[in-house]
Amino acid sequence: MRRSPRESIVPVLALGAGLAAVPLAAMHFFAREKVQFGADVHFVGVGLTALPAAAAAVALTIIGARRRDTRTVLVGTAFSAMAALLALHGIATPCIIFGDNGVVAFTGGATLPIGGAILALSALPAFRRANGVRTLLILQGVMLASILALGLSGMLIPALVPSVPEARSAPALALLVIGLGFYTLLGLRALRTFLLTRRRADLLVVVGIAWLAAAVPPAMLLQYFELGWWLGHGFELLGIILVGVPVALDLRRGAQSRPLAGDLSGAELVTTEEAYLGSHVRALTVRLAEKDEYTEAHTRRVALLAVQVGEDLDLSPVRVRSLATGSLVHDIGKLSVPDSILKKPGPLTDEEFSVVKRHSDWGDRMLGDLGFGRDVRHLVRDHHERLDGSGYPQGISDSAISLDARILAVCDVYDALMSKRVYREAWTHERAIALLHEESGSSFDPKCVEALERVLARERSPESIAV
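Residues numbered from 1 in each chain as written. Predicted model: local features only at pLDDT ≥ 70, side-chain atom pairs only at ≥ 80, totals over all residues. Heavy atoms only, no water.

### Digging into the overall build of the protein
Here is step 1 of the chain: In terms of helices and strands, the protein carries 21 helices and zero strands.
Here is step 2 of the chain: Its C-alpha atoms give the protein principal-axis dimensions of roughly 95 × 45 × 35 Å.
Here is step 3 of the chain: Taking all 467 residues of the protein together, 49% fall into the buried category.
Here is step 4 of the chain: Counted over contacts in the protein with a minimum sequence separation of 6, partners at least 24 positions apart contribute 73%.
Here is step 5 of the chain: Surface exposure of the protein reaches about 21500 Å², of which carbon and sulfur atoms provide 61%. (Helix = DSSP H or I, 4+ residues; strand = E, 2+ residues; numbered from the N terminus. Buried < 20%, exposed > 50% of the residue type's maximum accessible area, 1.4 Å probe, protein only. Contact = heavy atoms within 4.5 Å. Areas by Shrake-Rupley, 256 points an atom, 1.4 Å probe, with all protein chains shown as cover.)

See the structure below:
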């Protein structure tokens, strides 16, 4: 029997939290330990850190350019900047190739904040358009040339390198806050994506971002003779690998989750349910389509509306995922309804309708046997309940009906009214919305009706049609 989504995600989240906390524990116990590592250790160690960043930069930039995907090119640009700065940081190690210089300190302090700032830009709508790839590639080239020019010039003429704030100084603390702010934004977006997809690779991105964030304080607060300063370099190396590898592999998927951008929508969960919600959900929708094509098409349209309404009402990613799953299978109990009733070319008798009304309970029990969680089962059971207690199967009312079930109820009724049946014509949008408003507050939740109207208005806008 499968575990419910909420139950199965707990150990995975706990593991992720434990991995993300490793740098914090290491810094707590060992940060201030005094060490004396040679310059060659720094030179080689930083070089090893630069290599995976450079590999990720090249791979992501090439793939993004081929696919005309500006967000992927932008991620490649971030890794390019980090690789270039890290390479300079290693090359500028005093007493290896050059003498004392300011480049080693400047690049060491700038790598993580600059990389985080560029990665954070991936959430902006401007970077979702393909027509900016060429411009972004040019900017990447200019940026890399500028970094290399500044670094080489700085090693030859140290006065050209900007001064670096002293560890624990006010400017260093300001950079610390800014850098952590960028990585916090990235981490929250990646966590939202994982909660929607439940893909372990997406959780690795969250862990990797946490490790990159953990590398910022040592760079701003500690000195090279403190162990924490060296540990920060290790956190940076592992963070780059943990972020870069899953992001690169994500590009090979048919359904990409884009954890750094954090813009995966509930609608994508519905349209690609097997990739995101699992083969068991897909198997049920296929069975429903084999039973009755109208019912399966209806459930899919309802699910698309429901997740958009849920997002409009700011449901958490966990609830959006449950809403997507529950909406896709909300009529699965109709598999037990005889074809003579389900496909009857005319109005149902009271006796026939009483059979149909049992589909909510049948669906609830079926999903229970398959191991679905309570949240999904409650959606299936309660989507015909009404605020005034006039619904079925239990006749519950008001607070006994979850917001998620209220959303599903409104979207279910709207699509049913808008669908043409053999015994009646489809209603117009205006007439269907008018009915929902008329019964708002008695049968339907006013907030859900208003949110549905906003979603439909966006779908029917000229901009949406043009796209």
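### Things to note about the packing of aromatic side chains
In this description, an aromatic ring pair is defined by two values, namely the gap between the centres and the angle between the planes.
Here is step 1 of the chain: Taken as a whole and judged by the stated rule, the model has six aromatic pairs.
Here is step 2 of the chain: Judged by centre distance (5.7 Å) and plane angle (90°), the rings of W211 and F235 are edge-to-face. Residue W211 is found in helix α7 (residues 200-221), and its partner F235 is found in helix α8 (residues 227-250); the two are separated by 24 residues along the sequence. As far as burial versus exposure is concerned, W211 and F235 are alike and both buried.
Here is step 3 of the chain: Consider the rings of W229 and W230, whose centres lie 5.2 Å apart with planes at 80°: the pair is edge-to-face. There is no split in this pair, since W229 and W230 are both buried. (Phe/Tyr/Trp six-rings, centres within 6.5 Å; stacked < 30°, edge-to-face > 60°.)

### Let's talk about the side chain of R189
Here is step 1 of the chain: Within the element layout of this structure, R189 appears in helix α6 (residues 170-197).
Here is step 2 of the chain: The side chain of R189 is buried and forms no salt bridge, while D263, the nearest opposite charge, is found at 7.9 Å.
Here is step 3 of the chain: Within the structure, R189 has its side chain in polar contact with the backbone oxygen of L119 (distance 3.5 Å).
Here is step 4 of the chain: Within the structure, the side chain of R189 is placed 3.2 Å from the backbone oxygen of A261, a separation counted as a polar contact. (Lys, Arg positive; Asp, Glu negative; His and termini not counted. Salt bridge = Lys/Arg side-chain N within 4 Å of Asp/Glu carboxyl O. Polar contact = N/O pair within 3.5 Å; in protein donor to acceptor, adjacent residues only side chain to side chain.)

### Remarks on the packing of α6 against helix α13 (residues 317-328)
Here is step 1 of the chain: It is at 8 Å that the axes of α6 and α13 come closest, and there the two elements cross at 25°. In terms of their interaxial angle, α6 and α13 are classed as roughly parallel. For α6 against α13, the interelement crossing comes out right-handed. Residues R192, L195, L196 and T197 of α6 touch α13, and the partners they reach there are P317, V318, V320 and R321.
Here is step 2 of the chain: In the contact of α6 with α13, the residues fall into five nonpolar, one polar and two charged. (Axes fitted to C-alpha atoms, helices over the stretch in contact; angles between N-to-C directions. Parallel < 35°, antiparallel > 145°, perpendicular 65-115°, else oblique. Left-handed = near helix turned anticlockwise from the far one by under 90°. Nonpolar A, V, L, I, M, F, W, Y, C, P; charged D, E, K, R; others polar.)

### Overview of the environment of V104
Here is step 1 of the chain: By secondary structure assignment, the location of V104 is in helix α4 (residues 103-120).
Here is step 2 of the chain: According to the relative accessible area criterion, V104 is buried, its value standing at 15%.
Here is step 3 of the chain: Distance in space between the C-alpha atoms of V104 and V161 is 10.0 Å, their sequence separation being 57 residues.
Here is step 4 of the chain: If we skip the residues at most four places from it in the chain, V104 touches H42, H89, A92, T93 and P94.

### Considerations on the side chain of H298
Here is step 1 of the chain: One can find H298 in helix α12 (residues 293-312).
Here is step 2 of the chain: Note on H298: relative accessible area 5%, which makes it buried.
Here is step 3 of the chain: Residues contacting H298, with those up to four places away along its chain left out, are H330, D331, D412, D415 and A416.

### Brief notes about the environment of V329
Here is step 1 of the chain: Mapped onto the elements, V329 comes out in the loop between α13 and α14 (339-342).
Here is step 2 of the chain: Once the C-alpha coordinates of V329 and G254 are considered, the two residues, 75 residues apart in sequence, prove to be 23 Å apart.
Here is step 3 of the chain: For V329, the residues in contact, after removing those within four places along its chain, are V281, L284, L367, V376 and V380.

### Details of helix α16 (residues 359-370)
Here is step 1 of the chain: Taking 1.5 Å of rise per residue, 12 residues should cover 16 Å, and α16 covers 16 Å from first to last C-alpha, within 8% of that figure.
Here is step 2 of the chain: For α16, the full list of buried residues reads H359, S360, W362, G363, D364, M366, L367 and G368.
Here is step 3 of the chain: Of the surrounding elements, those touching the buried residues of α16 are α11 (279-291), α15 (350-356) and α17 (374-382).
Here is step 4 of the chain: Note on α16: the residue one or two positions beyond its end, G371, has a positive phi of about 90°. (Expected span 1.5 Å × (residues − 1).)

### Details of the packing of helix α2 (residues 39-67) against α8
Here is step 1 of the chain: Their axes nearest at 10 Å, the elements α2 and α8 cross at an angle of 20°. With respect to α8, the element α2 is oriented roughly parallel. The crossing of α2 and α8 is left-handed. Where α2 abuts α8, its residues V41, H42, V46, L48, T49, P52, A53, A56 and L60 lie against W229, W230, H233, E236, L237, I240, I241, G244, V247 and A248.
Here is step 2 of the chain: Across the contact of α2 with α8, the residue classes tally to 14 nonpolar, four polar and one charged.

### Topic: helix α5 (residues 133-156)
Here is step 1 of the chain: Compared with an ideal rise of 1.5 Å per residue, which puts 24 residues at 34 Å, α5 spans 35 Å between its outermost C-alpha atoms and is within 8% of the ideal.
Here is step 2 of the chain: The complete set of buried residues in α5 reads V133, L136, Q140, I147, G151, G154 and M155.
Here is step 3 of the chain: On the buried face of α5, the contacting elements are α2, α3 (70-91) and α4.

### Re the nonpolar core
Here is step 1 of the chain: Counting 66 residues, the largest nonpolar core has F79, Y183, I209 and L260 as its most contacted members.
Here is step 2 of the chain: Elements that contribute at least two residues to this core include exactly α1 (5-30), α2, α3, α4, α5, α6, α7 and α8.
Here is step 3 of the chain: Beyond its immediate stretch of four places on either side in the chain, L260 contacts V75, L119, S122, L186, R189, V205, I209, V243 and V247.
Here is step 4 of the chain: Within the second largest apolar cluster, 53 residues are counted, among which are L288, L328, I433 and F444. (Core = buried A, V, L, I, M, F, W, Y, C linked by side-chain atoms within 4.5 Å.)

### Side note on the state of the cysteines
Here is step 1 of the chain: Tallying each qualifying case throughout the model produces zero disulfides.
Here is step 2 of the chain: Residue C411 stays outside any disulfide, its sulfur separated by 7.9 Å from that of C448, the closest cysteine.
Here is step 3 of the chain: Here C448 falls in the buried class, since its relative accessible area comes to 1%. (Disulfide = S-S within 2.5 Å.)

### A few points about the pattern of salt bridges
Here is step 1 of the chain: Inspection of every chain in the model, using the stated rule, returns 20 salt bridges.
Here is step 2 of the chain: Here R32 makes a salt bridge to E226, at a shortest N to O gap of 3.6 Å. Note that R32 is positioned in the loop between α1 and α2 and E226 in the loop between α7 and α8, a separation of 194 residues in sequence.
Here is step 3 of the chain: Its relative accessible area of 4% is what places E226 among the buried residues.
Here is step 4 of the chain: A salt bridge links E268 to R258, with the shortest nitrogen-to-oxygen separation between them at 3.0 Å. Of this pair, E268 sits in helix α9 (residues 266-271) while R258 sits in the loop between α8 and α9, and the two are 10 residues apart along the sequence.
Here is step 5 of the chain: Overall, E268 belongs to the partly exposed group, its relative accessible area being 23%.

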